[in-house]
Structure formats: structure tokens, C-alpha cells
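Residue-level structure breakdown
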2 protein chains.
Amino acid sequence: MSGFVSLVGAGPGDPDLLTRRALDRLEHADVVLYDALVSPDAVAIAARAQRFCVGKRHGRRSIRQETIHRLMIGAARRGRRVVRLKCGDPFVLGRGGEEALALAAAGVPYEIVPGLSAATAAPALAGIPVTHRGLVSGFVVVSGHSEAAWRPLLDALPPGEVTVVILMGLAWRAALADALMRRGWPPSTPAAVLLNVSHPDACTWTGRLADLGAMEPGGHGEAAGTIVVGSVVALRALIRPADAPAAVEHRGDTKEAYGSR
Amino acid sequence: MSGFVSLVGAGPGDPDLLTRRALDRLEHADVVLYDALVSPDAVAIAARAQRFCVGKRHGRRSIRQETIHRLMIGAARRGRRVVRLKCGDPFVLGRGGEEALALAAAGVPYEIVPGLSAATAAPALAGIPVTHRGLVSGFVVVSGHSEAAWRPLLDALPPGEVTVVILMGLAWRAALADALMRRGWPPSTPAAVLLNVSHPDACTWTGRLADLGAMEPGGHGEAAGTIVVGSVVALRALIRPADAPAAVEHRGDTKEAYGSR
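Below, the structure is looked at part by part. Owing to the predicted nature of the structure, the values given are computational and were not obtained by experimental measurement. (Residues numbered from 1 in each chain as written. Chains lettered and ligands numbered in written order. Predicted model: local features only at pLDDT ≥ 70, side-chain atom pairs only at ≥ 80, totals over all residues. Heavy atoms only, no water.)

1. A look at the overall build of chain A
- Counting secondary structure elements, chain A contains 10 helices and 11 strands.
- Within chain A, the fraction of its 261 residues that count as buried is 59%.
- Long-range pairs, those at least 24 residues apart, make up 68% of the contacts in chain A with a sequence separation of at least 6.
- When the accessible area of chain A is evaluated, it comes to approximately 9,900 Å², of which 53% is carbon and sulfur surface. (Helix = DSSP H or I, 4+ residues; strand = E, 2+ residues; numbered from the N terminus. Buried < 20%, exposed > 50% of the residue type's maximum accessible area, 1.4 Å probe, protein only. Contact = heavy atoms within 4.5 Å. Areas by Shrake-Rupley, 256 points an atom, 1.4 Å probe, with all protein chains shown as cover.)

Structure, rendered in C-alpha cells:
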């Protein structure tokens, strides 16, 4: 049997937000290489597979990107069905392009199984539409991982014309807010920080752009989290009227907040 | 029994790209109100539901947005489990925010079930990563529905610093390309048009930004289709080496192109 690699997006966390195709690939996998932040419940779906965490874990050195490539290619060449399970969508700030290039260069057959990126799923689950007729007709998604990644784009954006979504930027929140305000975004612009979206300990902060820098993520990690800036954030108070935004609001379950059956 | 509305994203087309939560809501629905462009195979999953197309269909007047709100609210108040099935993601250029506001104002319990937006899923399925380390660390998604929607944002974007994704903009492709080139984007910037993504008749055009205006979508509609502009489009030739980009390339099956088992 010929080996095969599926680069699969695991979505924001809750296995209920996996696609049917992702579920199928996990159920039939021989080998799963998963990121550390992927939900254990999603990994567990691959019941009959050998499963390896290849992402950065607290207190351990992360595996080099080249090593991940080597593991995927090696397993596929041994005839295995390999699932490379990545947080969110493989091609949205996830190095999926690098992994696809490595597989293509090695001549290993593979596919992309897109997943729900936190860039859109996190705001949606929090009741924030990233676009809204009469407010904004576009949004920007940018990596907050390093200043070099976000500054050139954020410095160019016309204030108020677009919703800004920043992934992996929590550690830079003060500098990000400062950059936008210097560019002309009003300090009163609504902002949100969405943590552990779709997980049982999901948590949402909303406030003004001017207060974003001083926001405290509490026990949540500094690296994860989705920042949203723009007028649409204010819709959350209307879209979820039973749950008025406060300083930091801890919720037991995202689904419950929407009155799920 | 108390009624309930699920605003569900159907993803780009193929029912395999529905989430497990979306499948669950469809299987248990009493009433489904679906957009015209949603795949019939996705609608058919709601086997026991009353199903109504509420989107614009060729040769018929489209149902007004307020009528959709009235139908959802009325069915929920009669105790029905209602699924409002929308293309892509309900909160990405989909008027989902308006529908959520209407449900909230009516006091009807509801939830958002995010779906795969064509904004990220269409490029991923075509082998185009919207971000790539060393090339771009962000992307912009904008409605191409009207000039007022796209021009203020596109006129402000720093050339080359970001991937541009335009939904529903095929009819404006010449003006969109012109606006970007006037702003300073090189005419040689790689561009792609992705039509009927994840459907059996999926089709991809790739070329230069300078040639986008003259691109012919053929039998495909003018309204649908995803436009991608930026250096990442060139990666497609490497990521899918067996399928070199040509003028217009009709493929039998997107999955096949990735060497699916």
C-alpha cells in the first residue's frame, strides 16, 4: 500500500468543530503527528494510530520543523497513512505551506484538509461578526508573533475601515494597541481578547482599544488568544444580550452561552 | 418543547467539509432555511426537516432579509429546531450578524455554528497558503460585491505586504486589478481565481495581476468565485507540482488533484 499524508486543520479546539473529512482521516490514520495545543479529544479520535506530539510543550524543547518533515515523509514512505494535525487551518499562520512544500519536494502524495481558523471561528463563537453591513466589509488577519510580522501591515491600515484580527499576539497587546492608536484609531475603538475558544475554559475580555494593553489574561497563556479590534466588537453586547461584556468574563462553556439545547 | 435556531456555516460546498456540529444540527432539524448556493447534498442531510431555499435563485426574486428573519423567528416560536444554513461562515460577509441581531431582539435562543469560509478554504484547497513564513504574515479578506465595499481598503493596503482575498468580486475583477496596480502593486504580482471550490466542477485560473481583468470565468457565474492576489499564489506551482497552472484549468475533482486515496 502506498503511503499518504493529510495536512489536517483541527479547528479551534472542540472536536465538534472538526470537519467530516478530518474525522475520516483521523479514524483511518496509522500515524498522527499533532501540535501541542490540539485538543486531546481530537487526537483520541485516531484510536488505532501511533500518536506523537511534535509541537512546543511547556518545559520541553520543541521539535524542529525539519524533523517534522522528516517524520511525515519517512512514515509515508513506509506505507503509512499519516495525519499531520495542526491547530486551526494548516494554511493560516500555521507553517502548512512549508510542510506541503517539503512533501511535494519529496514526491509524497498528500492533501490539504482545511480547518476552522481561530481568525474567524473565535470571533463567531464569541458573538462577533468580523464583517457587518453598514459597519465594515472586510477584515485583516495578521500574525502577532513578532513585531516584524504585524507592524508594516497595521501601520498601513485605514482606521475604522476594517476589522483587525491578530493571532498569537497577546504578548504584544500593549504595542499593538499603541501602534493602532498612533495610526489614528480612536482609543474608544471596541476591542476583544478571546482565549481558549471552544474549550471548556473559554474566556472573553472586551473593552476599549486604549485598555487593551493593560488587559490581564490571567492564568491563560501569553502566546495563544485572538485579539479583535473594530466597531463590530460592540455588536457582541447586542448579539448576546444576556451576557453583557465585563472586564474579564469567565464562562463555563461557549455553547451554553448561546443557549444550546 | 422550546424552539431554537442554529445559524450554521455550510462551508465552501462539499458536505465533507461540514463540521460535526453542523451535521448534528442538520440531522436533528425540523426546519432548514438554506441559501441557494448551498450544496443540495448538504441540505439533504436534514432528511426529516422541512426545507426552504431562501436565497437568490436564477430567474426568481430573492426573498427579503426581513422575511428570512420572520420565518426563523416564527418557526422557533412554534417550537421548531431551525437550521439557517448559510454558505461558508455565517459571520464572514454573510449577513449572519444581521440575523443574529434579529433573533436576539426577538428573544429567540440561538447559536452560531462557524463554518469554513471560502476566504481561507478556497485557497487551501487550491494549494495556496494565504500566509507563508518569509513571504507574508497576514491576509486581508474583503467583499468585492460593490466598489464602495472594496475600494477604501484596497487603496490603503501596502503593496506586497499582505495577501489579498476578495469574495464575490468576479464582476469587478478589472477594476480591482486596476486599483491595486495604481496603488503600486507590480503588474507581475501572481493572482488566482478559484471557482466552485470543493464542487465536482471546481476550476482554477492563475496568472498575473495585469491579466486578471481579461480572465474569462467561462460558464461559471460572475458573482461567485474567490480572487487571491499576492506572492503566495506562486507557491501553488510548487505545492502542486503535478498540476502546473495554465490559463484556465478545469479539474474533475479537487481531491483527486491532491492524490487522494
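Next comes the rest of the description.
2. Observations concerning the relation of the copies chain A and chain B
- For the match of chain A to chain B, the screw axis carries a shift of 0.0 Å, the RMSD comes to 0.0 Å, and the turn is 180 degrees. Both copies are brought into coincidence by an operation consistent with a two-fold rotation axis.
- A share of 100% of interface residues in chain A that are also interface residues in chain B marks the association as one of identical surfaces. (Least-squares fit on C-alpha atoms with pLDDT ≥ 70 in both.)

3. Let's talk about unusual backbone geometry
- A positive phi angle, close to 60 degrees, is found at Arg-95 of chain A, a residue other than glycine.
- Considering the arrangement of structural elements, one finds Arg-95 of chain A in the loop between strand E4 (81-86) and helix H4 (96-106).
- The exposure class of Arg-95 of chain A is partly exposed, given its relative accessible area of 36%.
- Its identity as a non-glycine residue notwithstanding, Asn-196 of chain B has a phi of 50 degrees, on the positive side.
- Tracing the sequence through the fold places Asn-196 of chain B in the loop between strand E8 (190-195) and strand E9 (203-208).
- A residue is classified by how much of its surface remains accessible, and Asn-196 of chain B, at 26% relative accessible area, is partly exposed.

4. What about the interface of chain A and chain B?
- Listed per partner, the contact involves 68 residues of chain A and 68 residues of chain B.
- Carbon and sulfur atoms supply 62% of the area that chain A and chain B bury against each other, a total of about 5,800 Å² over both sides.
- Linking chain A with chain B are eight salt bridges.
- One salt bridge in this structure joins Arg-133 of chain A and Glu-98 of chain B, with 2.7 Å as the shortest N-O distance.
- At the junction of chain A with chain B, the criterion picks out 22 residue pairs in polar contact (both at pLDDT 80 or more).
- Mapped onto the side of chain A that touches chain B, the elements with two or more residues apiece are strand E1 (4-9), helix H1 (20-27), H4, strand E5 (110-113), helix H5 (118-125), strand E6 (138-143), helix H6 (147-154) and helix H9 (236-239) of chain A.
- When residues in the side of chain A that touches chain B are grouped by element, the largest group, six residues, is from E6 of chain A.
- Looking at the side of chain A that touches chain B residue by residue, the classes come out as 39 nonpolar, 13 polar and 16 charged.
- Of the pairings in the sheet, the one linking E6 of chain A to strand E6 (residues 138-143) of chain B comprises five bridges and is antiparallel in character. Residue pairing across strands places Val-141 of chain A opposite Phe-139 of chain B, the latter belonging to E6 of chain B. (Buried area = accessible area lost by both parts, 1.4 Å probe. Salt bridge = Lys/Arg side-chain N within 4 Å of Asp/Glu carboxyl O. Polar contact = N/O pair within 3.5 Å; in protein donor to acceptor, adjacent residues only side chain to side chain. Nonpolar A, V, L, I, M, F, W, Y, C, P; charged D, E, K, R; others polar. Pairing = 2+ DSSP bridges.)

5. Quick word on the pattern of salt bridges
- Scanning all chains against the criterion turns up 30 salt bridges over all chains.
- Here Arg-81 of chain A ties to Asp-30 of chain A by a salt bridge, and the two come within 3.8 Å at their closest N and O atoms. One end of the pair, Arg-81 of chain A, is in strand E4; the other, Asp-30 of chain A, is in the loop between H1 and strand E2 (31-34), with 51 residues separating them in the sequence. Judged on exposure class, the residue Arg-81 of chain A and its partner Asp-30 of chain A are both buried.
- Between Arg-84 of chain B and Asp-35 of chain B there is a salt bridge whose closest N-O contact spans 2.9 Å. Residue Arg-84 of chain B is found in strand E4 (residues 81-86), and its partner Asp-35 of chain B is found in the loop between strand E2 (31-34) and helix H2 (40-44); the two are separated by 49 residues along the sequence. Taken as a pair, Arg-84 of chain B and Asp-35 of chain B share a single burial class, namely buried.

6. Considering the sheet that holds E4 of chain A
Residue and element names in this part refer to chain A.
- If you walk across this open sheet you meet the five strands as E3-E2-E4-E1-E5, and the pairing is parallel. This sheet does not close on itself; its edge strands, each paired only once, are strand E3 (50-53) and E5. Neighbouring strand axes in the sheet, compared pairwise and without regard to direction, differ in orientation by 15 degrees on average.
- Where E2 lies against E3, four bridges are found, and the strand directions are parallel. Bridge assignment links Val-31 to a residue of E3, and that residue is Gln-50. (Axes fitted to C-alpha atoms, helices over the stretch in contact; angles between N-to-C directions.)

7. A short note on the packing of aromatic side chains
Residue and element names in this part refer to chain A.
- All chains considered together, the criterion is met by two aromatic pairs over all chains.
- On the basis of an interplanar angle of 65 degrees and a centroid distance of 5.9 Å, the ring pair of Trp-150 and Trp-172 is categorised as edge-to-face. Taken together, the residues Trp-150 in helix H6 and Trp-172 in the loop between strand E7 (163-167) and helix H7 (173-183) connect sequence positions 22 residues apart. (Phe/Tyr/Trp six-rings, centres within 6.5 Å; stacked < 30°, edge-to-face > 60°.)

8. Overview of the environment of His-145 of chain B
All names here are of chain B.
- Along the chain, His-145 turns up in the loop between E6 and helix H6 (147-154).
- A relative accessible area of 58% means that His-145 is categorised as exposed.
- Once you skip the residues sitting within four places of it in the chain, His-145 turns out to touch Leu-167, Met-168 and Trp-172.

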